[in-house]
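Breakdown of the fold
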Amino acid sequence: FNQTEQAEVSAWAKLLMANKKAKVDSVMNDDTDPSHEKGNGTSWQRALAVLAGVAAGEPIKTEVLEWNWSHKTAQKSRDFGWDTTLDIMIVDTEGREYEDVAGRAIGVALYAMHPLWLIADVAKHTGFRENLYNYQTTSGKTLHLSAEYYARYLLNEVPNPKPQREQLSCNPPGVAGQED
């Protein structure tokens, strides 16, 4: 990009980042449905905020990665940093994700975890001070464990315990039963 184009992209990215950060706060401050904070409810909003902040360049890149690491919601000061996010979404030290344990398809769990893996990868490749992929919460959970747990299904090393759920929720395009 030339300087003018970079300024335009940066301005757009800052707006998108601010919007997605506000959406994360809105969900985390909603006391009417505590399940909102679990699963993919905020993971994609969080990833979009981080990706947009990184696209905006410095100093926004560092600010958004720090926000992701140690965020507290503005309105109610609820902790929603990286440690809390992993503890909410990964339900045990095997690496199982909330959507999986709640009875949904493995594909839904992968969909929910994907944005966190994106954030960890972007943080690594942009020089963030923490290794988000290997970071271990105080309760022993890591993205690495989650990736290892779900890789077994992707590599067909173990049978899918809920194949009927996959057919209902995760059909590829053109397969009967898929909702458009």
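Residues numbered from 1 in each chain as written. Predicted model: local features only at pLDDT ≥ 70, side-chain atom pairs only at ≥ 80, totals over all residues. Heavy atoms only, no water.

Note: most residues except glycine have negative phi, and most peptide bonds are trans. The omega angle of the peptide bond from Glu58 to Pro59 is 0°, so this bond is cis rather than trans. Backbone geometry at Asn156 places phi at a positive 55°, although glycine is not the residue there. Relative to the helices and strands, Asn156 resides in the loop between helix H7 (143–154) and helix H8 (163–169). (Helix = DSSP H or I, 4+ residues; strand = E, 2+ residues; numbered from the N terminus.)

Here helix H1 (residues 3–28) spans 37 Å end to end across 26 residues, near enough to the 38 Å set by a 1.5 Å rise per residue. Within H1 the residues assigned to the buried category are Ser10, Ala13, Met17, Lys20, Val24, Asp25 and Met28. Considering only its buried residues, H1 is in contact with helix H2 (43–56), helix H3 (60–70) and helix H4 (82–89). (Expected span 1.5 Å × (residues − 1). Buried < 20%, exposed > 50% of the residue type's maximum accessible area, 1.4 Å probe, protein only. Contact = heavy atoms within 4.5 Å.)

Turning to the pattern of salt bridges, a few remarks are in order. Tallying each qualifying case throughout the model produces 5 salt bridges. Its salt-bridge partner being Arg129, residue Glu66 comes within 2.7 Å of it at the nearest N-O pair. With Glu66 in helix H3 and Arg129 in the loop between helix H6 (106–125) and H7, the pair connects residues that are 63 residues apart, well separated along the chain. Take Arg129: its relative accessible area is 51%, and that puts it in the exposed class. With a shortest N-O distance of 2.9 Å, Glu130 and Arg129 are connected by a salt bridge. (Salt bridge = Lys/Arg side-chain N within 4 Å of Asp/Glu carboxyl O.)

The biggest cluster of nonpolar side chains holds 39 residues, and the ones touching the most others in it are Trp82, Leu116, Leu132 and Leu143. Elements represented by at least two residues in this core include exactly H1, H2, H3, H4, H6 and H7. By residue number, the principal contributor to this core is H6, which donates 11 residues. Contacts of Trp82, omitting those with residues within four sequence positions, involve Arg46, Asn68, Trp69, Leu116, Ile119, Leu132, Tyr135 and Leu143. (Core = buried A, V, L, I, M, F, W, Y, C linked by side-chain atoms within 4.5 Å.)

Any link to function would need more than the numbers given here.
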